[in-house]
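Chains, contacts and geometry: an overview
Given next are the chains, with one letter for each unit.
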Amino acid sequence: TSLAIDRARSGDWTAWAHGAAGMLIFSASLPATRAAVAALDPWFVTAGRAALAGLLAAGLLVLTRAPWPSRRDWMALGVVAFGVVLGFPLFSALAVRFVPSSHAIPFVGLLPLSTAGFAVLIGQDRPRPLFWLFAVLGSALVAGHAWIAGGLDFEAADLFMLAAIVTCGLGYAVGGKLTTRLGSLAVISWALVLSLPVSIIASVALWPANLAAVPASAWAGFGYVSLFSMFVGFLFWYRGLALGGAARVGQLQLLQTFFGLGLSALLLGEAVAPVTWAVAVGVALLVLAARRVA
């Protein structure tokens with residue numbers, strides 16, 4: 001019995017370690033997207049990041065001689081592609097074209113609830129009632145603090161971020177469940193490959209007319225969201241969701257808000273109030289509480 005408990009605890013911490021690694025990688029996504037769309041069309045950024053990551057994924061599938069997904073898995077892979085390859089990248093890119101990334105990042109505080117809700121709908125998780133209390137408090141604290149600190153200014157671009165959160169939560173939940181059968185590498189790789197015909201054609205059609213006018217900072221942001229946000233991060237994130245449950249491990253997205261704001265301040269010079277870090281400590285405690293009672 002003691003050995004079984006030790007193994008369970010070890011597996012639990014493995015799930016949270018993978019989830020934390022994915023969350024940290026994703027934390028730079030909105031600041032990097034903001035840098036990219038400052039000089040590149042958001043539609044090109046969406047298509048180009050999917051195409052570049054898709055070509056990498058295709059190469060890895062060939063090198064590892066990965067088996068083809070079964071017929072029942074293709075529809076789920078299509079949902080993953082819609083949520084994380086198309087939906088979140090496109091809607092978030094459109095949003096930060098009009099507002100600073102520090103304005104858009106608070107919406108990430110709603111992503112754990114979106115992920116948990118879809119995880120319950122598809123039958124992956126059944127958290128205890130007390131979990132929802134801590135989950136709602138965490139999301140309310142993150143989003144409420146950020147919006148109050150920003151003056152409660154609502155923009156039309158906020159609708160894009162809401163769409164990004166809904167589609168991303170769906171892609172996370174379905175992808176996490178599918179990872180238990182296929183593995184994280186296969187899930188994100190096949191979702192990207194499934195999107196390749198559209199992403200390559202769109203990338204060529206939307207290719208920047210004047211490459212010389214695009215600064216290095218925009219290409220750096222594009223490179224980051226293509227390789228890390230679109231591919232590497234998912235290797236860790238989906239593994240964590242599969243091992244620990246999408247609802248439980250998904251709560252780590254609450255901390256992504258604060259890492260993202262910190263990176264916005266560091267890389268883009270966007271102001272972050274000192275009280276934000278005190279709120280981050282409170283949110284971290286709520287994440288730990290949700291983990292224990294889920």
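Right above here is the structure, for reference.
The following refers to the structure shown.

Rules used in this analysis
Residues numbered from 1 in each chain as written. Predicted model: local features only at pLDDT ≥ 70, side-chain atom pairs only at ≥ 80, totals over all residues. Heavy atoms only, no water. Helix = DSSP H or I, 4+ residues; strand = E, 2+ residues; numbered from the N terminus. Expected span 1.5 Å × (residues − 1). Core = buried A, V, L, I, M, F, W, Y, C linked by side-chain atoms within 4.5 Å. Buried < 20%, exposed > 50% of the residue type's maximum accessible area, 1.4 Å probe, protein only. Contact = heavy atoms within 4.5 Å. Patch = residues over 30% accessible without salt bridge, like charges linked within 9 Å, V, L, I, M, F, W, Y side chains within 5 Å. Areas by Shrake-Rupley, 256 points an atom, 1.4 Å probe, with all protein chains shown as cover. Salt bridge = Lys/Arg side-chain N within 4 Å of Asp/Glu carboxyl O. Phe/Tyr/Trp six-rings, centres within 6.5 Å; stacked < 30°, edge-to-face > 60°. Axes fitted to C-alpha atoms, helices over the stretch in contact; angles between N-to-C directions. Parallel < 35°, antiparallel > 145°, perpendicular 65-115°, else oblique. Nonpolar A, V, L, I, M, F, W, Y, C, P; charged D, E, K, R; others polar. Left-handed = near helix turned anticlockwise from the far one by under 90°. Bend = angle between axes of the 7 residues up to and from the residue.

Let's talk about helix 8 (residues 157-182)
Across its 26 residues, helix 8 extends 36 Å between first and last C-alpha, which sits within 8% of the 38 Å expected from 1.5 Å per residue. Of the residues flanking the end of helix 8, it is Gly-183, one or two places downstream, whose phi is positive at about 95°.

Observations concerning the nonpolar core
One finds Tyr-172, Trp-237 and Tyr-238 to be the most contacted residues of the largest nonpolar core, which totals 67 residues. Element by element, the count of residues in this core is highest for helix 4 (residues 71-96), at 10 residues. Leave out the neighbours within four places in its chain, and Trp-237 touches His-18, Gly-19, Gly-22, Met-23, Phe-26, Tyr-172, Val-249, Gly-250, Leu-252 and Gln-253. Counting residues in hydrophobic clusters, the runner-up holds 8 residues, among them Phe-131, Phe-134, Ala-247 and Ala-290.

A short note on the side chain of Thr-115
Here Thr-115 is to be found in helix 6 (residues 111-121). Sequence-distant contacts of Thr-115, defined by excluding residues within four places in its chain, comprise Gly-169, Tyr-172, Ala-173 and Ala-246.

Looking at a nonpolar patch on the surface
On the surface, a nonpolar cluster with roughly 300 Å² of combined accessible area is contributed by Leu-52, Leu-56, Leu-227 and Phe-228. For the nonpolar patch, the secondary structure elements donating two or more residues are helix 3 (42-63) and helix 10 (216-244). Relative to the helices and strands, Leu-56 resides in helix 3. Relative accessible area serves as the criterion here: at 35%, Leu-56 is assigned to the partly exposed category.

A few points about the packing of aromatic side chains
Following the criterion strictly, the structure yields 14 aromatic pairs and no others. The interplanar angle of 55° and the centroid separation of 6.2 Å between the aromatic rings of Trp-68 and Trp-74 together place this pair among those described as tilted. Look at Trp-68 and you get exposed, because its relative accessible area is 67%. Through a chain of ring-to-ring contacts, the aromatic side chains of Phe-26, Tyr-172, Phe-234, Trp-237 and Tyr-238 assemble into a single cluster.

Some details on the pattern of salt bridges
Here the structure, examined in full by the defined rule, presents 2 salt bridges. Between Arg-248 and Asp-12 there is a salt bridge, with the nearest N and O atoms lying 3.1 Å from each other. Of this pair, Arg-248 sits in helix 11 (residues 246-249) while Asp-12 sits in helix 1 (residues 2-27), placing them 236 residues apart in sequence. With a relative accessible area of 18%, Arg-248 lands in the buried category. For Asp-12, a relative accessible area of 15% corresponds to the buried category. Across the pair Arg-181 and Asp-73 runs a salt bridge whose closest N-O atoms are separated by 2.2 Å.

Quick notes on the packing of helix 4 against helix 9 (residues 184-205)
At a minimum axis distance of 8 Å, the contact between helix 4 and helix 9 shows a crossing angle of 80°. When the axes of helix 4 and helix 9 are compared, the pair comes out roughly perpendicular. Within the contact between the two elements, helix 4 uses Trp-74, Leu-77, Gly-78, Val-80, Ala-81, Val-84 and Val-85 and helix 9 uses Val-187, Ile-188, Trp-190, Ala-191, Leu-192, Leu-194 and Ser-195. Of the residues assigned to the contact of helix 4 with helix 9, the class counts are 12 nonpolar, 2 polar and no charged.

Thoughts on the packing of helix 4 against helix 10
In the contact formed by helix 4 and helix 10, the axes pass within 13 Å of each other and the chain directions differ by 130°. By the angle between their directions, the pair helix 4 and helix 10 is classed as oblique. Once helix 4 is placed against helix 10, the crossing between them reads as right-handed. Taking contact as the criterion, the partners of Val-80, Val-84, Val-85 and Pro-89 in helix 4 are, on helix 10, Met-230, Phe-234 and Tyr-238. When the residues that make up the contact of helix 4 with helix 10 are grouped by side-chain class, the tally is 7 nonpolar, no polar and no charged.

Here we look at the environment of Ala-205
Relative to the helices and strands, Ala-205 resides in helix 9. Of the residues examined, Ala-205 reaches a relative accessible area of 64% and is grouped as exposed.

Considering helix 4
Along its 26 residues, helix 4 runs 37 Å from first to last C-alpha, staying within 8% of the 38 Å computed at 1.5 Å per residue. At Gly-87, helix 4 shows its maximal bend, which comes to roughly 40°, and the proline Pro-89 appears one to four places after that position.

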